[in-house]
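Observations on the three-dimensional arrangement
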Amino acid sequence: MNSYGDSSSPRGRAQIPGQHGDPGGDARGGGWSAAQEGTAPAGRASVAPRAAGAGRASVGGSASVPQRGAPASGSASAAVPPRGGSAAGSASVGSASVGRAGPGRASVPVSPAPAAGRAAGAGRASVPVPPAASGSAGRATVGTAAVGAAPAGRASVGSAAVGGVSGRATARASVSPAPGGPGGPGGPTGPGRRARGAGDPAGAARAKKRKRMNLLIASFAVFIMLAGLGVVGFTYYSTNVVLPEEVPLPLSTSVYASDGKTLVARLGNENRTFVTIDQIPEHVQHAVAAAEDRNFYKHSGVDYKGIARAAWNNVSGGDKQGASTITQQYARNAIENLKDDTYARKVKEAIFASKLNEKYTKPQIMQHYLNVIYFGRGAYGIEAAAQTYFRKPAIKLTVAEGAVLASLIKQPVPSTTHKGYDPAVNPVQAKERWEYVIGGMVEEGWLNAAERPTAYPEVPAPAKNGNGFGVASPRGNVVNYVRQEMEKWGLCSDSGAPGKPTCVDELRTGGYKITTTINAKMQTALEKAAQPDRKGSVLYGQPKNLMAAVVSIEPKSGKVLAYYGGDSGADFDYAGKNVDSNGDIVGGHPPGSSFKVYTLAAAIDAGISVKSLWDATPFKPKGSDTEIGNANRGAGVCGKSCTLHESTVRSYNVPFYWVTDKIGAAKVVDMAKRAGVTTMWTVDPRQEYDLVKTPAEKIAPSKFDNWTGFGKYPVTVLDHANGLATLANDGKYNKAYFVSKVEKQNKATGKWMKVPGTGAKLNPQQRIKKEVAEEVTAVLKEIPEKNNAGLDGRDAAGKTGTWEHAGTPRNAHAWMVGYDDNLATAVWVGSRDSRKPTIVDKNKKDIGGSGFPAELWKRYMDDALKGEKKSELPNVTGIGDDKAGNGEEPPPPPPPSGPPNCGPLELFCPPGGGNNGGGNNGGGNPPGGPTAPTNPTNPTEPRPGGGGGLLPTSTPRIRD
C-alpha cells in the first residue's frame, strides 16, 4: 500500500469534499481517507473539480495550522476547483503566518476561476486561520492561478511561518486537462494556451532558448560523431601501406660505386645493416617479444586494451603511455609522418599496424621491426647492434647476448629522468631489465627453464671515437671527397658560409643518392692488394708499421676509379690531405725519384733532348755540407757522360740536380702544377703551399730549390696519380673527381631526380705539349720491366722512387707510379707509426720502390686491366738539343790490340772481316742511350742526406 493511503504515513492523503457537500474523491476513484486530527504531521489534499471531467488539482506539501492551545505543527492543503467545467489552471498558494496553536489541518477553498480562464492568472486570497495560543492570528495568502490550455497546471504554496515555530511548507497542485479539444480553451490554439508562464515572459524566452541550444548541441554532437567515424573510416581505407622493403633509411644518404648498385658508404644518423629473418636467431626474436610485446604472436597488430589503458592514464594526468605493439613501433619508426606524439598519430599508427598485420606474417613483421629499431650507440637494427655491442654478426648472438640487446629497446640512451639500459652507463638497471626479459621468455615458453642463462654477458665499452658509421671502411675516404665536391657545387659549406648547412650535416640528413666514379671491380682488387692486415695482400705478414696508399685514375676523363688511403675514412688519409690538431694541412710524402717524371717533362719542354749528356759525379753544392749522390753508386756506369735518358732509367740523382739548376726549379714546380699536382710541402719547417693559387716563381727556388728535381718535397698520392694521368693522356689535363651524379628523392612521386648544378663537368685542357708527353712516356716505358713490375703482355710506363728518413741511411718512403692509355696509378708505401718512421721488411731489409710498391702496382694493374684494350706506347725520338747537358762526350772505344785470330784460312772471321765489320760503332746502344742496365732484385733508390719527410708527430684528424 502506498504511503498516500496510509494514515500513519508522514505523507498520508486527505480527501476534501466538493463545494456542495458531495464527497470528493480523487480522479482515480479513491474515497474518504481517515486521518486523525493532530496525528498526521503532513498531509496532501486532492481538489475535486466542480463539474465532471474537470481537472484535479492536488496541492503537494503542507502548511502547518496549529490547534487552539497546542503547538503549531503540520501542513496546509489547498484545493482549487475550476468553475463550471472550465479547465483548471495552476494555482499558487501564498504564505500563511499562523499563531501558536496545536497541530491540525486546514482546508482552503479557492473561488472558482471564470469559465474562460484568466490570461494573467487568478488573484490572491487571504484566508484567516484560527489564532494560535500566542494570540497572534495567522494569515494565508493564495497566490495566482494560471488557467490555460496546458493539459495540467501547477500550483505552489509558499512558506508558512507558525508562531513560535519556524517552519516552511510547500504545496504543489496538479490540474487535470479540461475538455474541449485542440480548438477549445484547453487546446493548443485555445485562449488558455497563453496562460502558462504568462506571468514570466522572460522565463518562457529562456526556456525556448534552452530548447534551441539543446537541439544545436545534440546536432553538433551527432555531427562530430559521424565525422569522426567518417575520418577514421576514410583514414583506414585511404592509408597506403608502404612495403617495408620500399622504406628508405630516414633522411640518410647512400653513396654508390659507378654501377649505381655497389654500396660505397651509407651516411646518416642511423648505422644500419639490413638482415633477413633467417639471419636473426629465433631466441633473439623471442627476447625482443618478451621485452616489448609478449602478445605479439596473438594479437592482430594492435593491443586495444593497452590503448584504452594508456588513453585513460594520459587523460587522467598520469604518465604519457603509448601502448604500442611491436607492429605499431615498426610503423612509427618506418614512416616519417608518424613521428609526433599525438592521438591523431596513434590512430593512424594503429590503422597502419592493422593493415601490416593483414598483409605480412609475424616473422616478416619481426624482421622489418628488427631492421629499423634503435639500440643505442648509433646502432639501428639488430645487425648493427650485434656488431656494436658484441663485435659479432647477429646470427652468432647467444641467448644472453640477445636478451641484452632486447632489453635496450625500451630506453637505449639516457634521458633527464632515466639513465637508460646501456650496461656501460647503467649496469644495475640494465641487468634488472635483462632478467625481466629472460623471465618473460621462460613464462611464455620460449626458453626452457633449464637453459635459462644466469650470468650477465660481458659487453665491451663503447669505442672512444664512436663507431665511425658511414666512413669506417676502406672506402670511407671517398666520402670526404664527395663532401668537398658538394661544397664546390654550393649544396653546403665547411667554412661557415651564411645560410648554408655544414657538409657533414647535409650528407647525414639530406637524404641524397650519390653515384661516384669508383669502379667496384677495381676497388675490390685494390683493397685485396693494399690492405696491410688483409690475408693475401702484399704487406700481409710484414711489420705492423707498414702502410700503403694507392690512387687509380682514368686518364681520358679524370675519374677516380679506385682509392685506398687507409682502412677508415675517420682516420688519417695516407693518400690525400688531412688537417692535424693544430689546424694545419698535412698528408704529403716525399716522392723521391718518382717526381723525376715532371723534371724530365720540364727539360724536354725547355728544349733539352733526352740524348743530351750529363755529369753524374757525386758532389756537394756550394754552401752545403750534404753530398748529392746516386744512392751509394758513385758516378754510375756512365760517369760524366750519362744521357738524360739513361739517368732517368737508372734513376741517377746528380744529373737531375744539374737539369733543375739549368732550367730553374720554378719550371719543375710549374710542370708538376700543369700536370695536376696542386699542393707541395716544404720540409723544415713543414709548410703547405697551394700551387694552384701561387705562381711557381714566387716559391721556387726560395722554398723549393734544386732538390725539387729528384723528389725531396712531399706531394699527395692523389695529386701524383692525377699528374701521371695527364702524361698518359698525351698532356691533356682532366681534374680528378669522385662524383658522377647527385640525386634527391621526390617525396610526391618517390622518383629520384638529379640535383641541379651537380655532377661532372669535364673541361680537358692541353697543359703539356703532346710531343713532350709522348717523349716522357717513351722513356718511362722501359722502367717497369727493369724493376720487376712489367705487366702481363702489356706496355706500360712507370717510375720508382725512394726517400730516406732524415739523418739515417734507412728508407722512409717508397713509390711506384705508372700508367698506360687506360689507367694511371700511384702507389706509396711508408709507415703508419710516427714513432717508427723507417720501413724495412720482415727480414730487416730496406724497402725501395722496386720492392713492395712495384709488386703492389703490378698486381693491381694486372687485375684492373683485365679485358681492357692493350696500349701501344710511343718510342723515343730524341727531340730537342742533345748538346744542352754539362756532361762530356764519352771517349771512343779503345782499338783492338791486334788482328783477330781467325784461324786457318781465316774461316772463323766475321763477315766483312776486320774491325769495321764488328759493328762497335754502329750497333748496340744508341749514342747517348743507356748501357747494359742492371736488374737488381731490390735496387737502391737515391738517399740524399737531409731529406726529411717525417709523418706528422701529432695525431691528425679529417677536415669536417
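Residues numbered from 1 in each chain as written. Predicted model: local features only at pLDDT ≥ 70, side-chain atom pairs only at ≥ 80, totals over all residues. Heavy atoms only, no water.

This brings us to the overall build of the chain. Looking only at helices and strands, the chain has 21 helices and 33 strands in total. A separation of at least 24 residues holds for 71% of the contacts in the chain among residues at least 6 apart in sequence. A total of about 44,900 Å² of accessible surface is found on the chain, and carbon and sulfur atoms cover 53% of it. (Helix = DSSP H or I, 4+ residues; strand = E, 2+ residues; numbered from the N terminus. Contact = heavy atoms within 4.5 Å. Areas by Shrake-Rupley, 256 points an atom, 1.4 Å probe, with all protein chains shown as cover.)

Further remarks concern the sheet that holds strand 33 (residues 824-831). Sheet strands line up and pair through hydrogen bonds in the backbone, either parallel or antiparallel. Taken in spatial order, the five strands make up an open sheet running 20-19-33-32-31, and their pairing is antiparallel. Only two strands of the sheet have a single partner each, and these edge strands are strand 20 (560-564) and strand 31 (797-804). Put simply, the sheet's adjacent strands are angled 10° from each other on average, direction ignored. With eight bridges connecting them, strand 19 (residues 546-553) and strand 33 associate as antiparallel partners. For A548, the partnering residue across the bridge sits in strand 33 and is V829. Here helix 21 (residues 852-864) sits on the sheet and contacts strand 19, strand 20, strand 31, strand 32 (811-819) and strand 33; the angle it forms with strand 32, its principal contact strand, is near 30°. (Pairing = 2+ DSSP bridges. Axes fitted to C-alpha atoms, helices over the stretch in contact; angles between N-to-C directions.)

A general tendency of soluble globular proteins is for nonpolar side chains to be buried together. Ranked by size, the top nonpolar core spans 129 residues in total, and within it I514, V551, V560, Y563, M680, L718 and Y860 carry the most contacts. Judged by nonpolar contacts, the second largest core, of 44 residues, contains V275, Y360, I365 and A379. (Core = buried A, V, L, I, M, F, W, Y, C linked by side-chain atoms within 4.5 Å. Buried < 20%, exposed > 50% of the residue type's maximum accessible area, 1.4 Å probe, protein only.)

The next subject is the state of the cysteines. Two cysteines form a disulfide when their sulfur atoms are joined by a covalent bond. One pass over the structure, following the stated rule, counts two disulfides. Note on cysteine connectivity: C492 is disulfide-linked to C503, with sulfurs 2.1 Å apart. One disulfide, between C492 and C503, carries an S-S torsion of 90° and so falls in the right-handed class. Of this pair, C492 sits in the loop between helix 10 (476-488) and helix 11 (503-509) while C503 sits in helix 11, and the two are 11 residues apart along the sequence. For C503, a relative accessible area of 1% puts it in the buried group. (Disulfide = S-S within 2.5 Å.)

Right, let's get into the pairing of strand 31. For strand 31, a buried count of eight out of eight residues is recorded, marking the element as mostly surrounded by other parts of the structure. Here eight bridges tie strand 31 to strand 32, and the two strands are oriented antiparallel to one another. Bridge pairing in strand 32 links T802 to A814. The turn joining strand 31 and strand 32, which pair antiparallel and follow one another in sequence, is formed by six residues; a positive phi near 75° is taken by G807.

What follows deals with the environment of I608. Within the secondary structure, I608 is located in the loop between helix 13 (596-605) and strand 23 (613-614). In this structure the C-alpha to C-alpha distance between I608 and A884, which are 276 residues apart in sequence, comes to 6.0 Å.

For the rest of this paragraph, the subject is unusual backbone geometry. With an omega dihedral of 0°, the bond running from D684 to P685 counts as a cis peptide bond. A cis amide bond links A700 to the next residue, P701, at an omega of 10°. In this structure, P701 sits in the loop between helix 17 (696-699) and helix 18 (717-728). Even without being a glycine, A631 presents a positive backbone phi close to 60°. Structurally, A631 can be placed in the loop between strand 23 and strand 24 (642-643). Residue classification places A631 among the buried positions, given a relative accessible area of 7%.

Moving on, we get to the packing of helix 2 (residues 282-292) against helix 6 (residues 362-372). Helix-helix packing: each pair is described by the crossing angle between the helix axes and the interaxial distance. Where helix 2 meets helix 6, the closest approach of the two axes is 11 Å, and the angle between their N-to-C directions is 80°. Viewed along their axes, helix 2 and helix 6 adopt a mutual orientation that is roughly perpendicular. Contacts between helix 2 and helix 6 involve Q285, V288, A289 and E292 from the former and M366, Y369 and L370 from the latter. (Parallel < 35°, antiparallel > 145°, perpendicular 65-115°, else oblique.)

If you walk through the whole model with that rule in mind, you get 17 aromatic pairs. Centre to centre, the rings of Y374 and Y380 are 4.4 Å apart; their planes meet at 35°, and the pair counts as tilted. Its relative accessible area of 16% is what places Y380 among the buried residues. Look at Y481 and F738: their rings are 4.4 Å apart centre to centre, the planes differ by 10°, and that puts the pair in the stacked class. A residue pair is termed long-range when its members are at least 10 positions apart, and Y481 in helix 10 and F738 in the loop between strand 27 (732-733) and strand 28 (739-745) qualify at 257 residues. Of the two residues examined, Y481 and F738, each falls in the buried class. (Phe/Tyr/Trp six-rings, centres within 6.5 Å; stacked < 30°, edge-to-face > 60°.)

This part covers the pairing of strand 32. Buried residues dominate strand 32, accounting for nine of its nine residues. For strand 32 and strand 33, the ladder comprises six bridges, and the chain directions are antiparallel. By the bridge assignment, Y819 is partnered in strand 33 with A824. Here strand 32 hands over to strand 33 after four residues, the two strands then running antiparallel side by side.

Taken as a whole and judged by the stated rule, the model has 18 salt bridges. E889 is paired through a salt bridge with K883; the nearest N and O atoms lie 3.4 Å apart. A relative accessible area of 60% places K883 in the exposed class. One network of salt bridges, with partners in common, ties together D533, K544 and R832. (Salt bridge = Lys/Arg side-chain N within 4 Å of Asp/Glu carboxyl O.)

Among the 11 residues in helix 12 (residues 520-530), eight count as buried, and that is most of the element. Within helix 12 the residues assigned to the buried category are A520, M522, Q523, A525, L526, E527, A529 and A530. Looking at the packing, one finds that the buried side of helix 12 touches strand 19, strand 20 and helix 21. Backbone nitrogen of K521 and a side-chain oxygen of the N-cap are separated by 3.0 Å at the start of helix 12; the cap is N519. (Polar contact = N/O pair within 3.5 Å; in protein donor to acceptor, adjacent residues only side chain to side chain.)

Right, let's talk about the confidence of the model for the chain for a bit. In the predicted model, the chain carries a mean pLDDT of 75, and 64% of its residues have values of at least 70. Counting contacts from residues 1-198, a segment whose pLDDT is below 50, to residues more than four positions away or on other chains yields 392 contacts. Ignoring residues within four places in sequence, the model shows residues 912-960, a span with pLDDT below 50, making 112 contacts including any to other chains. (pLDDT = per-residue confidence, 0-100.)

Before going further, it helps to examine the sheet that holds strand 15 (residues 263-267). Taken together, the five strands give an open sheet; going across it, the order is 15-14-18-28-29, and neighbouring strands pair in mixed fashion. The open sheet has two edge strands with one neighbour each: strand 15 and strand 29 (752-754). Each strand of the sheet is rotated relative to its neighbour by a mean of 25°, with strand direction disregarded. Most of the contacts of helix 10 go to strand 18 (residues 512-516), to which it runs at about 110°, and overall it touches strand 15, strand 18 and strand 28.

Among the surface-exposed residues, M213, L216 and I217 lie close enough to one another that they form a single nonpolar patch of about 310 Å² accessible area. Position of L216 relative to the elements: it lies in helix 1 (residues 201-238). According to the relative accessible area criterion, L216 is exposed, its value standing at 57%. (Patch = residues over 30% accessible without salt bridge, like charges linked within 9 Å, V, L, I, M, F, W, Y side chains within 5 Å.)

Looking at where Y563 falls in the secondary structure, it is placed in strand 20. Residue Y563 is classed as buried on the basis of its relative accessible area of 0%. Separated by 11 residues in the primary sequence, Y563 and S552 place their C-alpha atoms 6.4 Å from one another. At 2.7 Å, the side chain of Y563 and the side chain of D573 are in polar contact. Here the side chain of Y563 touches G576 through a polar contact of 3.4 Å, landing on its backbone nitrogen.

This brings us to the side chain of N653. Within the fold, N653 resides in the loop between helix 14 (644-649) and helix 15 (654-663). Residue class for N653 comes out buried when judged on its relative accessible area of 0%.

This next bit is on the packing of helix 2 against helix 8 (residues 399-408). Here helix 2 crosses helix 8 at 35°, and the two axes come no closer than 8 Å. You can see that helix 2 and helix 8 cross each other, and the crossing is right-handed. Residues H283, V284, A287, V288, A291 and E292 of helix 2 pack against V399, G402, A403 and A406 of helix 8. (Left-handed = near helix turned anticlockwise from the far one by under 90°.)

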